[in-house]
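The residues making up each chain are set out below.
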Amino acid sequence: MNRGAVAYLNGDQTEVFTTAEGLADQQVSKMVEAGDGTLWALFHGQGRIIRQGKVMDIPALETLPAGQFTSLGCDVDGNIWWVKGGDLGVCRKDKSQRLAHVGNNAIQLAGAKGGGIWICTTGHLFHCTAQGAMEDRGEFGRDSSPGNPTALLEDSEGAVWIGAAFGGLFRYDGSAFESISTSRPEIQCLLEDREKSI
């Protein structure tokens, strides 16, 4: 991605947002779309939203913990979950609520089909309910030093996929972790296609 640019493509309609509209002059590190169509974007710790064609500050930014944003995710209800300054929280209807302290390690978030959010940090997978109750689902890659999580996805069948910086790909089926063979050890992104392939 170019520094400070976000493009919206929809059929023959294209909109490009740049620093002239208020985006940071940095590469986008994470983007998530909320249920209302608002796009949340992180630029190496700074956050902005694009709502109805306008770039804006993140809602209620002054009420959030100090520190940088490190991750974003969207739950099944369209709420945006965030990690900022080591704290996990959720933004519902432009009101943010801090739910738990998760630390300053590299963290990935992904919506859970049953509600709440999946959280992956340094070899551990957690599930957090909408009310903020944390469950440790276990440790993965004990034998391989997988490195920081780089991608996280719950597929259409409920399995959770974890991409790691050095350790490749892991799959959690609800009870155990499995290491999945890949052509390269570094996973940058995870997506599911219409045929349910990852």
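Refer to the preceding data block for the structure.
Predicted model, so just to flag it, every value in this text is computed and none were measured.

Participant: Can you walk me through the pairing of strand β11 (residues 107-111) in this structure?
Facilitator: Remark: a regular strand shows side chains that alternate across the two faces of the sheet. Burial analysis of β11 places 4 of its 5 residues in the buried class, which makes it a mostly covered element. Bridge count between β11 and strand β12 (residues 117-121): 5 bridges; the pairing is antiparallel. Across the sheet, the residue bridging to Ile107 is Thr121, located in β12.

Participant: How should I be thinking about the side chain of Thr121 in this particular structure?
Facilitator: Position of Thr121 among the secondary structure elements: in strand β12. Among the residues examined, Thr121 registers a relative accessible area of 9% and is labelled buried. Of note is the side chain of Thr121, whose polar atom sits 3.2 Å from the backbone oxygen of Ala106. Not counting residues within four places of it along the chain, the set of residues in contact with Thr121 comprises Asn105, Ala106, Ile107, Phe126 and Pro149.

Participant: Explain the sheet that holds strand β17 (residues 168-172) to me, please; I cannot follow it from the model alone.
Facilitator: What holds strands together in a sheet is hydrogen bonding between their backbones, with the strands either parallel or antiparallel. Pairing is antiparallel in the open sheet, where 4 strands are placed in the order β15-β16-β17-β18. The outermost strands of the open sheet, each flanked by one partner alone, are β15 (149-154) and β18 (177-180). Strand-to-strand twist across the sheet, computed as the mean angle between neighbouring axes with direction ignored, equals 20 degrees.

Participant: Would you mind showing me how to read the environment of Leu42 here?
Facilitator: Within the secondary structure, Leu42 sits in strand β4 (residues 39-43). Spatially, the C-alpha atom of Leu42 lies 17 Å from that of Ala20, the residues being 22 residues apart in sequence. Apart from residues lying up to four places away in sequence, Leu42 is in contact with Gln27, Val28, Ser29, Lys30, Gly47, Phe69, Thr70, Ser71 and Leu72.

Participant: Would you mind going over the layout of surface pockets with me for this structure?
Facilitator: Over the atoms a probe the size of a water molecule is rolled, and this reveals where empty space is left. Within this model, the largest pocket holds a volume of roughly 1300 Å³. If you list the elements that add at least two residues to the lining of the largest pocket, you get β1 (6-10), β2 (13-17), β3 (30-33), β4, β5 (46-51), β7 (69-74), β11 and β15. At 6 residues, the largest contribution of residues to the lining of the largest pocket is made by β7. Its residues assigned to classes, the lining of the largest pocket shows 23 nonpolar, 14 polar and 8 charged. Its boundaries defined by the atoms lining it, the second largest pocket holds a volume of some 160 Å³. Forming the boundary of the second largest pocket are Ala34, Gly35, Asp36, Trp40, Arg51, Gly78, Asn79, Ile80, Cys91, Arg92, Lys93 and Asp94. For the lining of the second largest pocket, the per-class residue count stands at 4 nonpolar, 3 polar and 5 charged.

Participant: Just checking my understanding: could you explain the packing of aromatic side chains for this structure?
Facilitator: In this description, a pair of aromatic rings is defined by centroid distance and the angle of the planes. Within the structure shown, the criterion is met by 4 aromatic pairs. Here the aromatic rings of Trp118 and Tyr172 are separated by 6.2 Å at their centres, their planes lie at 70 degrees, and the arrangement is edge-to-face. Here Tyr172 lies in strand β17 and Trp118 lies in strand β12, a separation of 54 residues in the sequence. When the ring of Phe140 is compared with that of Phe170, the centres are 5.0 Å apart and the planes differ by 50 degrees; the resulting orientation is tilted. In this pair, Phe140 sits in the loop between β14 (134-139) and β15 while Phe170 sits in strand β17, placing the two residues 30 residues apart along the sequence.

Participant: Would you take a moment to explain empty space enclosed by the protein for this structure?
Facilitator: Using the criterion set out here, one finds 1 cavity of 30 Å³ or more in the structure. Taken as a whole, the largest cavity spans an internal volume of roughly 30 Å³. Lining the largest cavity are Val6, Leu23, Leu39, Ala41, Arg48, Ile49 and Ile50. Listed by contribution, the elements that provide at least two residues to the lining of the largest cavity are β4 and β5.

Thresholds, definitions, all that
Residues numbered from 1 in each chain as written. Predicted model: local features only at pLDDT ≥ 70, side-chain atom pairs only at ≥ 80, totals over all residues. Heavy atoms only, no water. Buried < 20%, exposed > 50% of the residue type's maximum accessible area, 1.4 Å probe, protein only. Helix = DSSP H or I, 4+ residues; strand = E, 2+ residues; numbered from the N terminus. Pairing = 2+ DSSP bridges. Polar contact = N/O pair within 3.5 Å; in protein donor to acceptor, adjacent residues only side chain to side chain. Contact = heavy atoms within 4.5 Å. Axes fitted to C-alpha atoms, helices over the stretch in contact; angles between N-to-C directions. 1 Å grid on protein atoms, 1.4 Å probe; cavity = no way out; pocket = protein on both sides within 12 Å on 5 of 7 lines; lining within 4 Å. Points joined across faces, edges and corners; volume = space filled by probe spheres on them. Nonpolar A, V, L, I, M, F, W, Y, C, P; charged D, E, K, R; others polar. Phe/Tyr/Trp six-rings, centres within 6.5 Å; stacked < 30°, edge-to-face > 60°.

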